[in-house]
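Residues per chain are reported as follows:
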Protein chains: 2
Amino acid sequence: MTLEISDKARALLEQPVLVNLATVRPDGAPQVNPMWFKFDGELIWFTHTNYRQKFKNIAHEEPRVSISMIDPDNPYGYIEVRGVVERVEDDPEATMYQLLSEWYDGTPVTPPDAKDRVKIGVRPTKVVGQ
Amino acid sequence: MTLEISDKARALLEQPVLVNLATVRPDGAPQVNPMWFKFDGELIWFTHTNYRQKFKNIAHEEPRVSISMIDPDNPYGYIEVRGVVERVEDDPEATMYQLLSEWYDGTPVTPPDAKDRVKIGVRPTKVVGQ
C-alpha cells in the first residue's frame, strides 16, 4: 500500500517539530505525550524506554497510535497521522536518541537510561488534515 | 475529590496554549488533535461541533480523555492531564467559541457552524509530569 502524503504533510514530516503521540492504555483510556520523531520516508521513528507505560501500551495491547503535528509557522495548520506500530527494537546504545537529540538540539546526547532504550517504528496508515 | 494541581500545572492551565486532546474512537484506536481550551478552576472547557468524530468518541463511547500541554517557554516542560468528560452542552450561539477565540486571538469570532456547536467540560482526574 502506498500512502498519499501531500506536500504540506511531507514538509511537516521532515522538520524537527515536537509532536504529540497518542496511545491507548490497557484499561482503554487514551494517553498523550510530546515526542521527538524522525520520518525515514516509510516509518516514523521514536525513542522510548522499555519500562514506561506508553511502551507497554503499544507493545502489548494496542498497536494503533495517532500523532498530532502542528506547523510551527502556522499554529492552525496541523495534520493528524494515524498509524500502526510495526517495529519495536532494542536500542541499548541509544542510537535513535542520539540521532534525535542531534536533530532537535544540535548535539547528540547519550541518555543515562541508554540500556533500557527501544526504538519504535510506526507505519502511517492515514494522514488527516493534509 | 480535590485534585492536587501544582503551581507549574496551574500556570499552564491558565495560559492560552494550544493543547492536544486525545480521545478513543469507537473502534478502539486513539485520535489526537490540537484544541483551544479554558480552565474554569474546576472543568477544562473545549468548543466542538456535534457532528465530528471526536464528539462522537466522547459523547457515545469513551468519556475518558487525555490532554497534553506543552509549556511555550520550555518545550521540554509539559504536563499530561487525564480526565473524564462530565458536561456536554449545546452552544448554538457559540459562546464558548467566542470566548476562546478572544482569549487566543484577541477578537471574539462567531464561527459559520455556530448552530452545531457544543461545549465540552472535562473534569481533570490526574495530572502527570507536574
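Conventions used here
- Residues numbered from 1 in each chain as written.
- Chains lettered and ligands numbered in written order.
- Predicted model: local features only at pLDDT ≥ 70, side-chain atom pairs only at ≥ 80, totals over all residues.
- Heavy atoms only, no water.
- Salt bridge = Lys/Arg side-chain N within 4 Å of Asp/Glu carboxyl O.
- Buried < 20%, exposed > 50% of the residue type's maximum accessible area, 1.4 Å probe, protein only.
- Pairing = 2+ DSSP bridges.
- Helix = DSSP H or I, 4+ residues; strand = E, 2+ residues; numbered from the N terminus.
- Contact = heavy atoms within 4.5 Å.
- Axes fitted to C-alpha atoms, helices over the stretch in contact; angles between N-to-C directions.
- pLDDT = per-residue confidence, 0-100.
- Phe/Tyr/Trp six-rings, centres within 6.5 Å; stacked < 30°, edge-to-face > 60°.
- Lys NZ or Arg CZ within 6 Å of the ring centre and 35° of its normal.
- Least-squares fit on C-alpha atoms with pLDDT ≥ 70 in both.
- Polar contact = N/O pair within 3.5 Å; in protein donor to acceptor, adjacent residues only side chain to side chain.

1. Some points on the pattern of salt bridges
Point 1. On inspection of all chains with the given rule, the structure shows 18 salt bridges over all chains.
Point 2. Among the salt bridges present, the one from B:Arg64 reaches B:Glu62, with a minimum N-O distance of 2.9 Å.
Point 3. Accessibility expressed as a relative area gives 26% for B:Arg64, which makes it partly exposed.
Point 4. The class of B:Glu62 is buried, set by a relative accessible area of 14%.
Point 5. Measuring nitrogen to oxygen at the nearest pair gives 3.4 Å for the salt bridge that ties B:Glu80 to B:Arg82. Each of the two residues, B:Glu80 as well as B:Arg82, counts as buried.
Point 6. Connected via shared salt-bridge partners are A:Asp27, B:Glu62 and B:Arg64.

2. Quick notes on the sheet that holds strand β3 (residues 38-39) of chain A
The strands making up a sheet associate through hydrogen bonds between their backbones, and the pairing can be parallel or antiparallel.
All names here are of chain A.
Point 1. The strand order β2-β1-β5-β6-β7-β4-β3 describes an open sheet built from seven strands, whose pairing is antiparallel. Looking along the sheet, the strands with just one partner apiece sit at the ends: β2 (30-35) and β3.
Point 2. Pairing of β3 with strand β4 (residues 44-49), which is carried by two bridges, proceeds in the antiparallel orientation. Counted as the bridge partner of Lys 38 is Trp 45 from β4.
Point 3. Running over the sheet, helix α3 (residues 95-105) touches β2, β3, β4 and β7 (117-128) and is turned about 115 degrees from β4.

3. Notes on the confidence of the model for chain A
The predicted coordinates ought not to be read in detail in places where the model reports low pLDDT.
Point 1. Considering every residue of chain A, the mean pLDDT works out to 91; 97% of them sit at 70 or more.
Point 2. Averaged pLDDT values for the elements of chain A fall to 73 in helix α2 (residues 53-60) of chain A and rise to 98 in β3(A).

4. Quick notes on the packing of aromatic side chains
Any two aromatic rings considered together are summarised by their centre-to-centre distance and by the angle between their planes.
Point 1. For the structure shown, the criterion picks out eight aromatic pairs over all chains.
Point 2. With a centroid separation of 5.6 Å and 85 degrees between ring planes, the pair formed by A:Trp103 and A:Tyr104 is classed as edge-to-face.
Point 3. Judged by its relative accessible area of 26%, A:Trp103 falls in the partly exposed class.
Point 4. What links up through ring pairs into an aromatic cluster is the set A:Trp36, A:Phe37, A:Tyr97, A:Trp103 and A:Tyr104.
Point 5. Over the ring of B:Trp45 we find B:Lys119; its NZ or CZ atom is 5.4 Å from the centre of that ring.

5. Overview of the relation of the copies chain A and chain B
Point 1. You can overlay chain A on chain B at an RMSD of 0.0 Å; the transform is a turn of 180 degrees with a shift of 0.0 Å along its axis. Such values leave the two copies arranged in the relation of a two-fold axis.
Point 2. Interface overlap between copies: 100% of the residues of chain A at the interface are likewise at the interface in chain B, consistent with a symmetric, same-surface contact.

6. Considering the side chain of A:Asn33
Point 1. Among the secondary structure elements, A:Asn33 is positioned in strand β2.
Point 2. With relative accessibility at 7%, the residue A:Asn33 sits in the buried group.
Point 3. One polar contact links A:Asn33 to A:Gln31, side chain to side chain, over a distance of 3.5 Å.
Point 4. A polar atom in the side chain of A:Asn33 sits 3.5 Å from the side chain of B:Glu80.

7. Details of the pairing of β4(A)
All names here are of chain A.
Point 1. Of all six residues that make up β4, six are buried, and the element is covered over most of its length.
Point 2. Linking two consecutive strands that pair antiparallel, namely β3 and β4, is a turn of four residues; a positive phi of about 100 degrees is found at Gly 41 within it.
Point 3. Where β4 lies against β7, six bridges are found, and the strand directions are antiparallel. Residue pairing across strands places Ile 44 opposite Val 122, the latter belonging to β7.

8. Details of the sheet that holds strand β3 (residues 38-39) of chain B
Residue and element names in this part refer to chain B.
Point 1. Across the sheet, which stays open at both edges, the seven strands sit in the order β2-β1-β5-β6-β7-β4-β3 with antiparallel pairing between neighbours. The outermost strands of the open sheet, each flanked by one partner alone, are β2 (30-35) and β3.
Point 2. Alignment of strand β1 (residues 19-24) against strand β5 (residues 64-71), held across three bridges, turns out to be antiparallel. Its bridge partner lying in β5, Asn 20 is registered against Ser 68.

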